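# Examination of the molecular architecture
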Amino acid sequence: MKFAILRDSLIKPLSLVAGVVERRQTLPILANVLLVLEGDRLSLTGTDLEVELIGRVQVKSSGEAGEITVPARKLLEICKSLPEGCEIKFSSLDSKVTVKSGRSRFTLATLPASDYPNIEDTGGPHRFTLKQGQLKRLIDRTSFAMAQQDVRYYLNGMLWEIQSNRLRVVATDGHRLAMCTLPSELHLAEDTQVILPRKGVIELSRLLMDDDEDIAIVVGDNHVRAATSDFSFTSKLVDGKFPDYGRVLPNSPDKTVLGDRQALRQAFSRTSILSNEKYRGVRLKLSEDSLEIVANNPEQEEAEEFVSVEYKGSALEMGFNVSYLLDVLGVLSGDVIQLSLSDPNSSALLEEKEGGDSLYVVMPMRL
């Protein structure tokens, strides 16, 4: 195998593919990236057996075709350290690959390409195409609410609810819920629900760089595959049943608060400084057209903020995790947000005043 490629065209796909590779591996070959040259097309593959990413890039001229696996992190560090605009020459012999550029020369150990695992390439009954920007919005607006290492493994991921006239994604960690809906004619034979694991969501989001470009999605029984002109991404699905999120949405809350998003965000940020570092609780005291936010901590320190809001109703006092509220205010984009409440023990519903495509539920705290 022999080819030459410009450093700058290799860095982007190599960085993305190396991101999939886990640092600590039980199988040594999983620390490697698979390089396959066919004609003037080089494909790079990285996998951790759960997620697989294939990047494709043009080489300067067709070299000698072949396939090898090389250590992903080392190759990426070498390429990053070389000067911008330089040409990198690869050549492999026996179980070594030589990387040359200018007066620099590196020899890396390789492992047989035939041993590299391949996530089964199965099709699926559900196929549709979206703009990358549409999918990125769905992920950006909800991914923060995914659980990280919950024993309820189905929460460590994102629900995709695929119907013929919409794609809805939902994430929850049991304390808050985020939901975003894209109305779209997907023309599917039947509706389905799948759970994409946390790592798959994060890696897929990194690929969505061109809002106006298409991305083709294929959903199978065990995998989801997404393909653009430069990448093919495959992730195993979480085998589990996602909770019925409809039961979490508050039923007809009778108290509505309208407030300036930035003013609320800044007030919550300031009060959070003196909140309890472990529980992050703040107390919200609602009265007519006024919201008082109070935080205190075990050192007897206290923060107090008053924010003007639109509210007509009886006085109400509730506790919330301020980090959850800040996460929601960070992804909403409208100038005015609507907070819907019923009583101190019920969840709060947050959304943009205009309605929008996103809904957020935050459970209260006892303070």
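See the structure printed just above.
Bear in mind that the values here come from a model prediction, so they are computed numbers and not experimental data.

Looking now at the overall build of the chain. Looking only at helices and strands, one finds 6 helices and 24 strands in the chain. Expressed as lengths along the three principal axes of its C-alpha atoms, the size of the chain is roughly 80 × 55 × 35 Å. A burial count over the chain gives 51% of its 367 residues as buried. Considering only contacts in the chain between residues 6 or more positions apart, those separated by 24 or more positions represent 66%. Total accessible area on the chain is roughly 18000 Å²; 46% of this is exposed by carbon and sulfur atoms. Side-chain charges of the chain comprise 43 positive and 53 negative groups, with the mean position of each set lying 6 Å from the other.

Now for the pattern of salt bridges. Opposite charge on two side chains permits them to pair, given that their charged atoms come into close proximity. One pass over the full model with this rule turns up 18 salt bridges. Two residues, Glu22 and Lys199, come together in a salt bridge whose shortest N-O distance is 2.8 Å. One end of the pair, Glu22, is in the loop between helix H1 (7–20) and strand S2 (32–38); the other, Lys199, is in helix H4 (residues 198–207), with 177 residues separating them in the sequence. In this structure Glu22 comes out as partly exposed when scored by relative accessible area, which is 34%. A salt bridge links Asp214 to Lys131; its shortest N-O distance comes to 3.0 Å. Here Lys131 lies in strand S9 (residues 126–131) and Asp214 lies in strand S14 (residues 214–219), a separation of 83 residues in the sequence. A relative accessible area of 40% places Asp214 in the partly exposed class. The class for Lys131 is partly exposed, based on a relative accessible area of 37%. One salt-bridge network, held together by shared partners, links Arg137, Arg141, Glu352 and Asp357.

Here Met158 shows up in strand S10 (residues 157–163). We classify Met158 as buried; its relative accessible area is 0%. Linking Met158 and Ala178, residues 20 residues apart in sequence, is a C-alpha distance of 9.8 Å. Apart from the residues within four sequence positions on either side, Met158 is in contact with Ile139, Thr142, Ser143, Met146, Val169, Val170, Val194, Ile195, Leu196 and Val201.

The next subject is a positive patch on the surface. Together, Lys2, Lys89, Lys100 and Arg105 give the surface a local cluster of positive charge. Counting through the fold element by element, Lys2 comes out in strand S1 (residues 2–6).

Scanning the model with the defined rule gives 0 disulfides in all. Here Cys79 is not disulfide-linked; the sulfur of Cys86 is the nearest cysteine sulfur, at 8.2 Å. Residue classification places Cys79 among the buried positions, given a relative accessible area of 1%. When its relative accessible area of 12% is taken as the criterion, Cys86 is described as buried.

So, on to the pairing of strand S13 (residues 192–197). When you tally the buried positions in S13, you get 5 out of 6 residues, the bulk of the element. Two strands pair when backbone bridges link them, and S10 and S13 are joined in this way by 6 bridges, in the antiparallel orientation. Each bridged residue has a counterpart across the sheet, and for Gly157 the counterpart in S13 is Pro197.

If you trace the 4 strands from one edge of the open sheet to the other, you get S20-S19-S18-S21, paired in antiparallel fashion. The open sheet has two edge strands with one neighbour each: strand S20 (302–308) and strand S21 (316–321). Looking at each pair of strands side by side, their axes are set apart by 20° on average, direction ignored. Alignment of strand S19 (residues 290–296) against S20, held across 7 bridges, turns out to be antiparallel.

A complete count under the given rule lists 3 cavities of 30 Å³ or more for this structure. By volume, the largest cavity amounts to about 110 Å³. Along the wall of the largest cavity there are 15 residues; nearest its centre are Leu264, Phe268, Ile337, Leu339 and Leu350. Of the residues belonging to the lining of the largest cavity, the class tally is 13 nonpolar, 2 polar and no charged.

Conventions and cut-offs
Residues numbered from 1 in each chain as written. Predicted model: local features only at pLDDT ≥ 70, side-chain atom pairs only at ≥ 80, totals over all residues. Heavy atoms only, no water. Helix = DSSP H or I, 4+ residues; strand = E, 2+ residues; numbered from the N terminus. Buried < 20%, exposed > 50% of the residue type's maximum accessible area, 1.4 Å probe, protein only. Contact = heavy atoms within 4.5 Å. Areas by Shrake-Rupley, 256 points an atom, 1.4 Å probe, with all protein chains shown as cover. Lys, Arg positive; Asp, Glu negative; His and termini not counted. Charge placed at Lys NZ, Arg CZ, Asp CG, Glu CD. Salt bridge = Lys/Arg side-chain N within 4 Å of Asp/Glu carboxyl O. Patch = residues over 30% accessible without salt bridge, like charges linked within 9 Å, V, L, I, M, F, W, Y side chains within 5 Å. Disulfide = S-S within 2.5 Å. Pairing = 2+ DSSP bridges. Axes fitted to C-alpha atoms, helices over the stretch in contact; angles between N-to-C directions. 1 Å grid on protein atoms, 1.4 Å probe; cavity = no way out; pocket = protein on both sides within 12 Å on 5 of 7 lines; lining within 4 Å. Points joined across faces, edges and corners; volume = space filled by probe spheres on them. Nonpolar A, V, L, I, M, F, W, Y, C, P; charged D, E, K, R; others polar.

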